[in-house]
Amino acid sequence: MAKIFSGIRPSGKLHLGNYLGAIKNWLELQNDSEQAIFAVVDYHGITTPYDSTTYKQQVNDVVLDYLAAGIDPDKSLLIRQSKVPQHTELAWIFNTITPIGWLDRLPNYREKLDQVEHSSDISAKSYQNNLALLAYPVLMAADILLYKSSLVPVGDDQKQHIDLTNEIGSKFNHLFGEVFPNVKTHIVQGARIMSLQDPTKKMSKTGDDGIALSDEPDVIRAKIKKAVTDSGKEVKYDEKEKPAISNLLTIYHLLSGKEVNAIEKEYGGKSYVEFKNDLAEVVVSFLKPFQEKKKEFENNPKGIMKILEVSEEKARKLADNTLVEIKDKMGLL
Ligand code: AQP
């Protein structure tokens, strides 16, 4: 059985991509792991423009999303990254063995840099060329290796960051002695849900009008109605020729459990409009129980705080064990 770690930036409302690419897999894995830790990675969230006056609320909202989606505090630790300071301590240690050339080639870094540079938000200017934007994957390596995690369920956009985690871990092992395991990604279908406005880009919390897990039914219906479609009339899965419809079919399939070819058959001879109307209802009914559960959790802030504090205390202990081992090997004890 593996030790699992994963996290999401509280940079906006969680969307269907975050659920299908990440959280859905966490739910399966938490039942069958030696250790499962799921974090709201709030130190990662401050590497791009954010609003400090609402940030705490945003972090809490992601915690509620995790719980409403089914993260079970009896099986998993649910933590806020900044409450376990060993994450940043290990990141500093990793900074000392990570060449800049490993970081500035990463496509996610280039993308984020571009987003910040072209953002209409004036505060974005102060994020240009910030060290943390470049060093983000080093902190991510620390998040994972701090708990000696060996399996990371993420969407496929994160694969290169996991490769880098392994490069950093092996370099440490080589320089100072064996501490870190090899990390594997757990990537499944749905690992890349695309934007409803532009199927060449992934659905995102920022700069994209994706379907939030907390969207009201009418908002969901309106977003799906507005979603771009491809030329032609046929509801058919073809990533190359019909990227928009293929993305909608993937969402339909993953949320309803129906196979893609069965859905194609069902909509044979029917219009995109009919398909989209039904998809909207599939999404609305899939999210209904999640949204009801979230309301229950919202009414229990004390209980939520207790869950976080118990988890974070346990995480700090696990993290300390690893740091003692690392510091001993590095001559820092
Ligand atoms: N569109 C997506 N399809 C499948 N999986 C996705 N993930 C994100 N978008 C999709 C997965 O969700 C997890 C959390 O990602 P993150 O918030 O830490 O960073 P991100 O990938 O940058 O997510 P966003 O939504 O695009 O946020 P912003 O806009 O803030 O950058 C990861 O496992 C990711 O793979």
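Residues numbered from 1 in each chain as written. Predicted model: local features only at pLDDT ≥ 70, side-chain atom pairs only at ≥ 80, totals over all residues. Heavy atoms only, no water.

- Going by what an unreviewed UniProt entry lists, the protein is known as Tryptophan--tRNA ligase.
- According to the UniProt record, the Subcellular location (unreviewed entry) comment for the protein is "Cytoplasm".
- Taken directly from UniProt, the Subunit (unreviewed entry) text for the protein runs: "Homodimer." (UniProt positions renumbered as here; feature names shortened; annotations may be inferred.)

## Digging into the packing of helix 7 (residues 131-145) against helix 8 (residues 159-176)
- Relative orientation of the contacting elements helix 7 and helix 8 amounts to 70°, with a least axis distance of 9 Å. One way to sum up the angle between helix 7 and helix 8 is to call them roughly perpendicular. Where helix 7 abuts helix 8, its residues Tyr136, Pro137, Val138, Met140, Ala141, Ile144 and Leu145 lie against His161, Ile162, Leu164, Thr165, Ile168 and Gly169.
- Each residue belonging to the contact of helix 7 with helix 8 can be placed in one class, and the counts come to 10 nonpolar, 3 polar and no charged. (Axes fitted to C-alpha atoms, helices over the stretch in contact; angles between N-to-C directions. Helix = DSSP H or I, 4+ residues; strand = E, 2+ residues; numbered from the N terminus. Parallel < 35°, antiparallel > 145°, perpendicular 65-115°, else oblique. Contact = heavy atoms within 4.5 Å. Nonpolar A, V, L, I, M, F, W, Y, C, P; charged D, E, K, R; others polar.)

## Here's the deal with the site of the ligand
- Taken together, 23 residues form the shell around the ligand, and within it Ser11, Asp157, Ser204, Lys205 and Thr206 come nearest.
- Between an oxygen atom of the ligand and a side-chain N or O atom of Gln158, the distance comes to 3.5 Å.
- With respect to the ligand, the backbone of Ile193 contributes an N or O atom lying 2.7 Å from a nitrogen atom.
- Its free accessible area being 640 Å², the ligand has 97% of it covered by the protein chains.
- Counting residues per element, the ones that place at least two in the shell around the ligand are strand 1 (3-8) and helix 1 (16-29).
- In terms of residue count, helix 1 provides more of the shell around the ligand than any other element does, 4 residues in total.
- Here the residues of the shell around the ligand sort into 6 nonpolar, 11 polar and 6 charged. (Near = heavy atom within 4 Å. Polar contact = N/O pair within 3.5 Å; in protein donor to acceptor, adjacent residues only side chain to side chain. Areas by Shrake-Rupley, 256 points an atom, 1.4 Å probe, with all protein chains shown as cover.)

## Some details on unusual backbone geometry
- Although it is not a glycine, Asn129 sits at a positive phi angle of roughly 60°.
- Position of Asn129 among the secondary structure elements: in the loop between helix 6 (107-117) and helix 7.
- Positive phi, close to 50°, is recorded for Lys148, a residue that is not glycine.
- With respect to the element layout, Lys148 can be found in the loop between helix 7 and strand 4 (151-153).
- A relative accessible area of 23% places Lys148 in the partly exposed class. (Buried < 20%, exposed > 50% of the residue type's maximum accessible area, 1.4 Å probe, protein only.)

## Some details on the environment of Thr96
- Relative to the assigned elements, Thr96 resides in the loop between helix 4 (86-95) and helix 5 (100-103).
- Looking at Thr96, the relative accessible area reads 52%, which means it is exposed.
- Spatially, the C-alpha atom of Thr96 lies 28 Å from that of Glu117, the residues being 21 residues apart in sequence.

## As for the UniProt feature "binding site: ATP" (unreviewed entry) in the protein
- With numbering matched to this structure, UniProt assigns "binding site: ATP" (unreviewed entry) to Arg9, Pro10, Ser11, Gly17, Asn18, Gly155, Asp156, Asp157 and Ile193.
- Position of Gly17 among the secondary structure elements: in helix 1.
- For Gly17, a relative accessible area of 13% translates into the label buried.
- The contact partners of Gly17, leaving out residues within four places of it in the chain, are Ala22, Ile193 and Met203.
- Mapped onto the fold, Ile193 is located in the loop between strand 5 (184-186) and helix 9 (217-226).
- Filtering out sequence-adjacent residues up to four positions away, Ile193 remains in contact with Gly17, Leu20, Lys202, Met203, Asn247, Thr250, Ile251 and Leu254.

## Some thoughts on the domain arrangement of the protein
- When the domains of the protein are assigned, the result is domain 1 (3-192 + 301-330) and domain 2 (217-295).
- Domain 1 puts 11 residues into the contact, and the matching count from domain 2 is 9 residues.
- Overall, the association of domain 1 and domain 2 removes approximately 1000 Å² of surface from exposure, summing both partners, and the carbon and sulfur fraction of that is 69%.
- The interface formed by domain 1 and domain 2 holds 2 salt bridges in total. (Domains from an automatic or database assignment. Buried area = accessible area lost by both parts, 1.4 Å probe. Salt bridge = Lys/Arg side-chain N within 4 Å of Asp/Glu carboxyl O.)

## Some details on the UniProt feature "binding site: L-tryptophan" (unreviewed entry) in the protein
- The UniProt record annotates "binding site: L-tryptophan" (unreviewed entry) at Asp143.
- Take Asp143: it is sitting in helix 7.
- A distance of 2.7 Å separates the side chain of Asp143 from the side chain of His87, its partner in a polar contact.

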